[in-house]
Amino acid sequence: MKKMTAVTGNEALAEALRQINPDVCAAYPITPQTDMMQQFSDFVADGLVDTELMLVESEHSALSACIGASAGGGRVATATSGPGLALMWEMLYVASGMRCPIVMAVVNRALSAPLNIHCDHSDAMGARDSGWIQLWSENQQEAYDNLIMAFRIAEHPDIQLPVMVCMDGFIISHSVGVMDFLSDDAVQRFVGDFTAQDALLDIERPASYGPLILTDQYHEYKKEQNEIMDSVFAVTEAVASEFEYLSGRRYGLLESYRLEDAEIGIVVLNSAAGTCKDMIDEARENGVKVGLLKPRLFRPFPYAAVASALSHLKVVCVLDRSDSFGAFAPLYVEIAASLYPLENKPVLINRIYGLGGRDFMPEHVEAVINEMADILSRKAAAPPKKYISLRQYV
Amino acid sequence: MTSTLKIKNLASKENRLAPGHRMCQGCGAAIVVKMVLLAIDKPVVACSPTGCLEVTTCISDYTAWKIPWIHSAFENAAVTLAGVETMYRALKKRGKMSHDMAFVVFAGDGGTYDIGLQSLSGVMERGHDLLYICYDNGAYMNTGTQRSGATPFGASTTTSPAGSAVPGKLQVRKDITKIMAAHNIPYAAQASPSHHLDLMRKVQKAVSIPGPKFINILSPCHRGWRSKADDAISISRLAVNTRFWPLYEIENGKTRMTHIPKEKLPLETFLRPQGRFAHLFRPENAWMLEDSQRRVDTEWEALIASGPPHTSER
Amino acid sequence: MKTRIITRSTCKPVICEPGNSAAFKTGTWRSLKPVFEPAHCSNCLLCWLYCPDMSVNLTDGRVSGFNFDYCKGCGICALECPGKKGAKAIRMEKEENA
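Criteria and cut-off values
Counting of residues starts from 1 at the beginning of each chain's written sequence and follows it residue by residue. Naming scheme: in the order in which they are written, chains are lettered from A and ligands are numbered from 1. In keeping with the predicted nature of the model, local features appear solely for residues at pLDDT of at least 70, side-chain atom pairs appear and are counted solely at 80 or more, and the whole-chain, interface and lining totals rest on all residues. To obtain the side-chain values, all non-hydrogen atoms of the structure were used and water was disregarded. Helix numbers and strand numbers start at the N terminus; a helix is a DSSP run of H or I with at least 4 residues, a strand a run of E with at least 2. The rule is simple: take the accessible area with a 1.4 Å probe, protein chains only, and divide by the maximum for that residue type; under 20% is buried, over 50% is exposed, in between is partly exposed. We call two residues in contact when some of their heavy atoms are within 4.5 Å. Residue-level accessible areas treat just the shown protein chains as cover; the underlying method is Shrake-Rupley with a 1.4 Å probe. In this count, Lys and Arg are taken as positive residues and Asp and Glu as negative ones, while His and the chain termini are left out. A charged residue contributes its charge at one atom only: NZ of Lys, CZ of Arg, CG of Asp or CD of Glu. Start and end points for every domain follow an automatic or database-based domain assignment. Throughout, buried area stands for the accessible area (probe radius 1.4 Å) lost by two parts on being put together, summed over both. A pairing counts as a salt bridge when a side-chain nitrogen of Lys or Arg comes within 4 Å of a carboxyl oxygen of Asp or Glu. Throughout this entry, Asp, Glu, Lys and Arg are counted as charged residues, while Ala, Val, Leu, Ile, Met, Phe, Trp, Tyr, Cys and Pro are counted as nonpolar. The remaining residues, Gly among them, count as polar. In the analysis that follows, any N or O atom pair within 3.5 Å is treated as a polar contact, provided that within protein one partner can donate a hydrogen and the other can accept it, and provided that, for residues neighboring in sequence, both atoms belong to side chains. Each pair of strands is called paired provided DSSP finds at least two bridges between the two strands. Multiplying 1.5 Å by the helix residue count minus one yields the expected span of that helix. In this description, one arc is meant: the one made by directions from the helix axis to the C-beta atoms. Stacked, tilted and edge-to-face pairs are distinguished by plane angle, under 30 degrees for stacked and over 60 for edge-to-face with tilted covering the rest, among Phe, Tyr and Trp rings (Trp via its six-membered ring) whose centres lie within 6.5 Å. A ring has a charge above it when a Lys NZ or an Arg CZ is no more than 6 Å from the ring centre and no more than 35 degrees off the ring normal.

(A) How the structure looks around the overall build of chain A. Of regular secondary structure, chain A possesses 14 helices and 16 strands. Summarising its shape, the C-alpha atoms of chain A cover approximately 70 × 55 × 45 Å along the three principal directions. Per-residue burial for chain A yields a buried fraction of 60% across its 394 residues. Across chain A, every contact between residues at least 6 apart in sequence was considered, and the portion connecting residues at least 24 apart equals 81%. Just so you have it, chain A exposes about 15200 Å², and 53% of that area is on carbon and sulfur atoms. Counting 31 positive and 52 negative side-chain charges, chain A places the averaged centre of each group 7 Å from the other.

(B) Seen up close, the domain arrangement of chain A. Residues and elements named next belong to chain A. Here the domain parsing of chain A yields domain 1 (4-247) and domain 2 (255-387). Here domain 1 and domain 2 have C-alpha centroids that lie 28 Å from each other. The partner domain 2 presents 26 residues to the 31 residues of domain 1 that form the contact. Across the domain 1/domain 2 interface, buried area totals approximately 2200 Å², and carbon plus sulfur atoms make up 55% of it. Applying the counting criterion to the domain 1 and domain 2 interface returns four salt bridges. The residue K294 makes a salt bridge to E142 at a minimum N-O spacing of 2.7 Å. Only α6 (122-126), β6 (133-137), α7 (140-155), β7 (163-168) and α10 (232-247) provide two or more residues apiece to the side of domain 1 that touches domain 2. If one sorts the elements of the side of domain 1 that touches domain 2 by residue count, β6 sits on top with five residues. Here the side of domain 1 that touches domain 2 is composed, by residue class, of 16 nonpolar, nine polar and six charged.

(C) Structural view of the interface of chain B and chain A. Contacts between chain B and chain A engage 43 residues on the former and 43 residues on the latter. Carbon and sulfur atoms supply 60% of the area buried between chain B and chain A, which totals about 3300 Å² over both sides. Among the residues of chain B in contact with chain A, S60, M87 and R94 of chain B are the three that bury the most area, contributing 18% of the side total. Put simply, chain B and chain A have five salt bridges between them. Across the pair R89 of chain B and E52 of chain A runs a salt bridge whose closest N-O atoms are separated by 3.0 Å. There are 21 residue pairs in polar contact (both at pLDDT 80 or more) connecting chain B and chain A. The set of elements that each furnish at least two residues to the side of chain B that touches chain A consists of α3 (52-57), β2 (69-70), α4 (77-93) and α6 (117-126) of chain B. It is α4 of chain B that provides the largest number of residues to the side of chain B that touches chain A, a total of twelve residues. Residue composition of the side of chain B that touches chain A, by class: 21 nonpolar, 13 polar and nine charged. Pairing analysis gives two bridges linking strand β9 (residues 208-209) of chain A to β2 of chain B, with the strands arranged parallel. Following the sheet pairing, Y209 of chain A is matched in β2 of chain B by I70 of chain B.

(D) Fine view of helix α3 (residues 59-72) of chain A. Residues and elements named next belong to chain A. For α3, with 14 residues, the first-to-last C-alpha span of 19 Å sits near the 20 Å given by 1.5 Å per residue. Counting buried positions along α3 gives 14 out of 14 residues, so the element sits mostly inside the fold. Residue S58 occupies the N-cap position of α3, its side-chain oxygen lying 3.3 Å from the main-chain nitrogen of H60. A positive phi of about 120° marks G73, the residue just after α3.

(E) Broad picture of α10 of chain A. Residue and element names in this part refer to chain A. Along its 16 residues, α10 runs 22 Å from first to last C-alpha, staying within 8% of the 22 Å computed at 1.5 Å per residue. Among the residues making up α10, those that are buried are V232, F233, V235, T236, V239, A240, F243 and S247. Projection of α10 onto a plane perpendicular to its axis shows the buried side chains occupying an angular sector of 160°, all on one side. Facing away from the buried side of α10, by more than 90 degrees, are the exposed residues A234 and Y245. On its buried side, α10 packs onto β6, α7, α8 (184-191), α9 (218-230) and β13 (297-299). At the exit of α10 stands G248, carrying a positive phi of roughly 80°.

(F) Here's a closer look at the packing of aromatic side chains. The final tally for this structure, using the stated rule, is 21 aromatic pairs over all chains. Ring geometry for Y353 of chain A versus F360 of chain A: centroids 4.5 Å apart, planes at 45°, classification tilted. Three or more aromatic residues link up through ring pairs in this structure, and these residues are W136, F298, F301 and Y303 of chain A. Positioned over the ring face of Y257 of chain A is K277 of chain A, at 5.7 Å from the centre of the ring. Of note, K34 of chain B hangs over the ring of W48 of chain C, and the distance from its end group to the ring centre comes to 5.3 Å.

(G) Quick peek at the side chain of D198 of chain B. All names here are of chain B. With respect to the helices and strands, D198 occurs in helix α8 (residues 196-208). Polar contacts involving the side chain of D198 include one to the side chain of T258, which spans 2.8 Å. Setting aside anything within four residues of it in sequence, one finds D198 in contact with Q190, A191, L247 and T258.

(H) Spatial organisation of the interface of chain A and chain C. Residue-level contacts link 23 residues of chain A with 13 residues of chain C. Both faces considered, chain A and chain C share a buried interface measuring about 1700 Å² in area, 59% of it formed by carbon and sulfur atoms. Counting across the interface, chain A meets chain C through one salt bridge. Of the charged contacts, one joins K12 of chain C and D198 of chain A as a salt bridge, the two residues approaching to 3.7 Å between their closest N and O atoms. Only β9 and α9 of chain A provide two or more residues apiece to the side of chain A that touches chain C. Broken down by element, the side of chain A that touches chain C gets its largest block of residues, six residues, from α9 of chain A. For the side of chain A that touches chain C, the per-class residue count stands at eight nonpolar, seven polar and eight charged.

Right, here's the structure in full:
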């Protein structure tokens, strides 16, 4: 019988890092990531891992240290949240451009101002164009599984790119979920030994990392970087099927929930998918043909798979937990781009929810489902973009 | 130790910085890097922040470095190399690496005094085993001589030009060597390529000490200083002999002057050959010259008081 | 050297040919060139140590001339040359093609 444990998201990820035992980790405290690396520090202090842990003076330095360590020729991981990820911004591009297979847990948090420590996706969405692979996780179990798989994707000889594993701050990081941990042996066997390419520490073969590259080659570099991203889909799926064999848990590029015969559908990332699934079950009992699509891989974005999953729908509502002010929100834009080639496009609306940790409650999902049902029956013309779950002032 | 630093012995060693680099003719930084690498016998892994040295030594598909070298950005050379050094320790601990090697940052003053100070401070505090060399040319030379925290008082730069209302930079430069020493690191020093034996002794000593080390090395830039292409050595000699650039070391908190100029030259002799100080010689700016001289004297007296020269030193 | 073709396998900003800048000849920058007078050379090798471009040639540990593939003509060697009996072993002359 499987041993089930109840832990927080941060504890689950710290446990994954313990099992992986990377060569070097770097970290800087930031809410809500802090207690993940705090827990990992306990593992270091108690000798449960022999990772060299760099407790640096900023997130910018955390990622810079990871870049140096990764170039050095070993396995590297870090973790951050919100403003910490924002502070890393310049180095995100360096990590991917330099082909450093760093794995980073991102505990999603809103960005200032106003200062807010709670969940939204502005941090990771701000990093979506940085050349990092992004995996998103609904709950503690998915975050744990994604983190383990992330090393295999990042370090794959054809990929050699950094991966961020996103998990909702507080909602998942600080709440307890039921977990099925793999054994230490199984994790070690799954991630395997790290094989460095062009290791800087190979003094027999001195390498110069990070040259100045001007107009003659830069453009071609970026084109190839894009093509490497295109091959991430197949690697992600191959790693997932190997992981399924090991764990019995199945992951794809995205998850469809009751979409097969649906007329209306919700697209949402991370933890809100759980609430949506419950409400979809309820609506289904009342005869509403509604389903859900939850992208797991956001970078690279699986346009074709998304289009085929949504092609038969009449109305789709994209729920975004971040915004692009004065424009459609990031997830909506990708869904719109996915649907554009279709001849019969669903009506597409964008609803912004849960910024700065605003609770996303079952009644909010219900309202979204009702709104889509109204559009379906031509009862309502809906504004394309709207904030939901706003406070009602009297 | 020092016999290996005789030029005749050094001349039999391979230069680990190759020719074909694109630093300006007569660049002081190139001489500094060459001397530092000649002084170290171990394999070296180096790192440079974005800057003159970096863009001129590694332009795709060429590299002048014969040793492992990394550049990642402008503000993080210290911590980038600290990451490499940490990976080295991790792999050594796990039996995947056995070589003994030295880790050296070569950074300009902009990447050290200013934008790189936070990451440098963190690296010094955490005790990484590396040597940080600042080649100090006193301005952002790579972008065209903008003032930095290292630019001396009075200097005219492209962002502190000597105009009719403001006569150049009106702030004094930071004392970065003291700032580094205040981290209680085992070794901090100042050196000049004109005094090559002193410079290379300091590098050798620094590399022999475990933990974080810092050496600030004067690095003339005739483009930014508006002097002559052949004067990198002669002008740094003047910097030392006018006491503008004292040669000293701080080892485990103890300051020691490593060279006392035989006769004290007036600061003017260092300033006069440099176009960036030309306006200081106008009558209305005489106060600036006096001010600069007074500051040099005060700083010298304080240094001498904190660390008298070793009796065996000249 | 030809510009490297960027493919998936070379899409990594790393140069694995240490010191290949030697293929880039900076000697064309020169407008002045050093001229060596062996008779005045005390073989102190300061010119060798100070040369920013590794362009002072040594033969059996003695200065034997300059590497004009790289010498940028800065003149540090000539200025710093102590020479012998007041006569320098290196002087700068105008480059013929300059």
